[in-house]
Amino acid sequence: MGMSEFYGAGSEEESVAVIHRALELGVTLLDTADMYGPFTNEELVGRAIAGRRDQVVLATKFGIVRGPDGNAVRGDAEYVRSAVEGSLKRLGVDHIDLYYLHRVDPQTPIEETVGAMAALVEEGKIRHIGLSEAGAATLRRAAAVAPITALQSEWSLWSRDIEAEIVPTARELGIGLVPYSPLGRGVLTGRYTAESFSAGDFRAVAQPRFAAGAMEKNLEMVRALEAVAAGLGVTAGQLALAWVQHRGADVVPIPGTKRVKYLEENVAAAALTLSAADLEAIEAAVPAADVVGDRYADMRGVGR
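Note that the coordinates shown come from a computational prediction; the quantities given were computed from them, not determined experimentally. (Residues numbered from 1 in each chain as written. Predicted model: local features only at pLDDT ≥ 70, side-chain atom pairs only at ≥ 80, totals over all residues. Heavy atoms only, no water.)

**Points about helix α8 (residues 214-232)**
Each full turn of the α-helix corresponds to 3.6 residues, which orients residues three or four apart in the same direction.
Part 1: Its 19 residues give α8 an end-to-end C-alpha distance of 28 Å, which sits within 8% of 27 Å, the value for a rise of 1.5 Å per residue.
Part 2: Among all positions of α8, only Ala214, Met215, Asn218, Leu219, Met221, Val222, Leu225 and Ala229 are buried. Looking straight down α8, one finds its buried side chains confined to an arc of 155°; they lie on one side. Facing away from the buried side of α8, by more than 90 degrees, are the exposed residues Glu220, Ala227, Ala230 and Gly231.
Part 3: Looking at the packing, one finds that the buried side of α8 touches α9 (236-245) and α11 (276-285).
Part 4: Where α8 ends, the next residue or the one after it, Gly233, has phi of about 75°, a positive value. (Helix = DSSP H or I, 4+ residues; strand = E, 2+ residues; numbered from the N terminus. Expected span 1.5 Å × (residues − 1). Buried < 20%, exposed > 50% of the residue type's maximum accessible area, 1.4 Å probe, protein only. Arc of directions from axis to C-beta. Contact = heavy atoms within 4.5 Å.)

Below, the structure written as C-alpha cells:
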C-alpha cells in the first residue's frame with residue numbers, strides 16, 4: 001500500500017527492487033488491493049512479478065470504491081465479477097491466489113458476496129477466499145457458504161481488539177489470520193516522532209492515535225519497547241513483528257515497507273524466538289489498553 005499512496009511519496013524503481021529482494025529472501029506472499037492508488041499498486045506489483053509468477057502467492061482485495069465524495073463499499077455479485085476482471089488485467093495474471101473482500105458491504109448479504117467469490121473459485125479465476133476486518137458473526141455466515149481461507153485485520157501490540165472474539169472464532173472455523181499494520185503503521189519501529197508525518201500523510205489525517213497529544217502519549221510506549229529490544233539486541237520493530245508472529249502458527253503478518261533496508265530488518269524478525277518472559281516484558285512495555293486514540297477516525301464498518 002505504502003509504495004503507491006497514503007504514506008508519502010515513493011519511487012517505483014525502488015519499490016520494484018524491494019519486491020525482488022523480498023522474493024530473493026524467501027518472502028512468498030505479496031498483498032495489494034485495487035483501491036491502493038487507486039489501481040496503480042496492482043499495476044506496480046504486476047510489473048514486479050512479471051516472469052516470477054511461480055514464486056508468488058498473490059493476494060489482492062476489492063470492495064472499497066474510491067470516489068470524489070469519499071469511499072463507498074460494494075460487495076454485490078455484479079461488482080465482485082467486474083472487480084476481479086480488473087484486478088486480473090492490472091496484475092497481468094490468469095488467477096489470484098487469495099482474493100479478499102476489503103470491507104463488508106452493509107447493503108449486501110455476506111452470503112451473496114461469498115457466493116459470487118465461490119463462483120470465481122469454480123471458474124479458476126481465484127484460488128482462495130478471504131475477508132478483511134470482518135466480525136465474528138460475519139465470519140460464521142460466510143463460512144457457511146464457502147471455505148474462508150484467511151481473515152486480514154489490523155493486529156499489533158497496540159491494536160489488539162480482535163483477540164477477544166474474532167481470533168477465537170476464526171480459529172474455530174479454521175480461518176488463517178493475516179495481521180496488517182503489525183508494526184503499528186510504522187510507529188512501533190521507533191523511527192518516528194510526533195512531528196514525522198507530512199500534511200498529506202494518511203496517518204496524520206485520518207487516524208486519531210497519530211493526532212497531536214495522542215501521539216506524544218503513544219510514543220512513550222514505543223520508547224519503553226525500545227528499551228526491551230535493546231536488552232535483547234534487536235530493534236523495536238523486529239521485536240514488535242516477532243510478537244505478532246508468536247501469536248500462533250496460523251498467523252502470517254504482512255509488514256510493508258518502501259526500503260530494502262527495512263525489508264531485510266523485517267525478514268530477520270522471523271528468526272527471533274521469544275520466551276514467555278520476553279513476551280511478558282514486551283506486553284508490559286506496550287499495554288494495548290493504554291493506547292490513546294482509535295485506529296480510524298470513523299470506525300463504522302470495521303469489524304462488521
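**Structural notes on the nonpolar core**
Part 1: The biggest cluster of nonpolar side chains holds 76 residues, and the ones touching the most others in it are Tyr99, Leu131 and Leu225.
Part 2: Sort the elements by how many residues they give to this core and α9 lands first, with seven residues.
Part 3: Among all residues touching Leu225, those that are not within four sequence positions of it are Leu157, Leu188, Ala236, Leu239, Ala240, Ile282, Ala285 and Val286. (Core = buried A, V, L, I, M, F, W, Y, C linked by side-chain atoms within 4.5 Å.)

**Remarks on the packing of helix α2 (residues 40-49) against helix α3 (residues 77-91)**
Part 1: For the pair α2 and α3, interaxial distance at closest approach is 7 Å and the crossing angle is 40°. The angle between α2 and α3 falls in the class oblique. Listed contacts from α3 to Glu42, Glu43, Val45 and Gly46 of α2 are Ser87, Arg90 and Leu91.
Part 2: Classifying every residue of the contact of α2 with α3 gives two nonpolar, two polar and three charged. (Axes fitted to C-alpha atoms, helices over the stretch in contact; angles between N-to-C directions. Parallel < 35°, antiparallel > 145°, perpendicular 65-115°, else oblique. Nonpolar A, V, L, I, M, F, W, Y, C, P; charged D, E, K, R; others polar.)

**Digging into the side chain of Ser153**
Part 1: Structurally, Ser153 is set in strand β7 (residues 150-154).
Part 2: In this structure Ser153 comes out as buried when scored by relative accessible area, which is 3%.
Part 3: For Ser153, the side chain forms a polar contact with the main-chain nitrogen of Glu133, separated by 3.4 Å. (Polar contact = N/O pair within 3.5 Å; in protein donor to acceptor, adjacent residues only side chain to side chain.)

**Side note on the packing of aromatic side chains**
Part 1: Under the counting rule described, the total for this entry stands at two aromatic pairs.
Part 2: Between Phe62 and Tyr99, the aromatic rings sit 4.8 Å apart at their centres with planes inclined by 25°, giving stacked as the arrangement. Taken as a pair, Phe62 in strand β2 (residues 57-62) and Tyr99 in strand β5 (residues 96-101) lie far apart in primary sequence, 37 residues in all. Each member of the pair, Phe62 together with Tyr99, is buried.
Part 3: Aromatic pair Trp158 and Phe210: ring centres 5.9 Å apart, planes at 90°, arrangement edge-to-face. With Trp158 in the loop between β7 and α6 (166-172) and Phe210 in the loop between α7 (202-206) and α8, this residue pair connects regions lying 52 residues apart in the sequence.
Part 4: On the accessibility criterion, Trp158 (3% relative accessible area) is buried.
Part 5: Take Phe210: its relative accessible area is 5%, and that puts it in the buried class.
Part 6: Sitting over the face of the ring of Tyr262, Arg191 holds its NZ or CZ atom 3.5 Å from the ring centroid.
Part 7: One residue, Arg209, lies across the ring of Trp158, its end atom 5.0 Å from the ring centre. (Phe/Tyr/Trp six-rings, centres within 6.5 Å; stacked < 30°, edge-to-face > 60°. Lys NZ or Arg CZ within 6 Å of the ring centre and 35° of its normal.)

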